[in-house]
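Chain by chain, the residues run as shown.
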Amino acid sequence: QKEVEQDPGPLSVPEGAIVSLNCTYSNSAFQYFMWYRQYSRKGPELLMYTYSSGNKEDGRFTAQVDKSSKYISLFIRDSQPSDSATYLCALIRNDYKLSFGAGTTVTVRA
Amino acid sequence: DSGVTQTPKHLITATGQRVTLRCSPRSGDLSVYWYQQSLDQGLQFLIQYYNGEERAKGNILERFSAQQFPDLHSELNLSSLELGDSALYFCASSVGQGFGELFFGEGSRLTVL
């Protein structure tokens, strides 16, 4: 069993829709939670970073962490075609080991 | 632009051959990480170097090796190449030893024929 499981997608949504992306993890040693965005033919780039349970907002993006359920989510409000990309969750354990989810490819249709 | 430079961007070679991928980290970053990304395996951590020393090892095959030089650039050597080694190879860098925010290069796409 993988340490981090990410909903595989792909997702295709109309412009303006809310996109919901999810990852689950099995090891309670994960303490830091990140979302990376990867455009086609580019390297991943950090989108959001949090270490506590609850919600963190940054513009149209909200990262949600539920440590008790070992579940993290990323919500994209008012999605735009420019949000079309692959989104990877990334989790860091307290021994600094980082694990990436497999990624979910999102397409926002104009 | 992340500030991480990888060369070459594309590489086509034959089975059994050896290739070297090069990475220059962001100015000031001491850690370099190598990742392999394929369609069926996602982003797989290979190895990390910090200030010239190996810091962490992931799923790196024995046919693969890496090093970080005094000027902090890094090279990933892939030998006895197999068809299954075809993938995108990413280099990332960060300031510290721990896996904080990683800055990724644009990758080197390796095709083994």
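See the structure printed just above.
The structure displayed is predicted, hence computed values, not measured ones.

A. Structural detail: the nonpolar core. Counting residues in each nonpolar core, the largest one holds 24 residues, and the members touching the most others are W35, I72, L74, Y87 and L91 of chain A. Counting only elements with at least two residues in this core, the list comes to β3 (19-25), β4 (30-38), β5 (45-50), β7 (61-66), β8 (71-76), β9 (85-93) and β11 (104-109) of chain A. Leave out the neighbours within four places in its chain, and L74 of chain A touches V19, S20, L21, W35, L47, M48, F61, T62, A63 and Y87 of chain A. Grouped together as the second largest cluster of nonpolar side chains are 20 residues, L46, I60, L78 and V112 of chain B included.

B. Seen up close, the pairing of strand β5 (residues 42-50) of chain B. All names here are of chain B. Most of β5 is tucked away: 7 of the 9 residues are buried. Pairing of strand β4 (residues 31-38) with β5 involves 8 bridges; the strand directions are antiparallel. Bridge pairing in β5 links Q37 to L43. Linking β4 to β5, which pair antiparallel, is a turn of 3 residues. Note: β5 against strand β6 (residues 53-57), 4 bridges, orientation antiparallel. Considered in β6, the bridge of I47 is made with K57.

Procedures and definitions
- Residues numbered from 1 in each chain as written.
- Chains lettered and ligands numbered in written order.
- Predicted model: local features only at pLDDT ≥ 70, side-chain atom pairs only at ≥ 80, totals over all residues.
- Heavy atoms only, no water.
- Core = buried A, V, L, I, M, F, W, Y, C linked by side-chain atoms within 4.5 Å.
- Buried < 20%, exposed > 50% of the residue type's maximum accessible area, 1.4 Å probe, protein only.
- Helix = DSSP H or I, 4+ residues; strand = E, 2+ residues; numbered from the N terminus.
- Contact = heavy atoms within 4.5 Å.
- Pairing = 2+ DSSP bridges.

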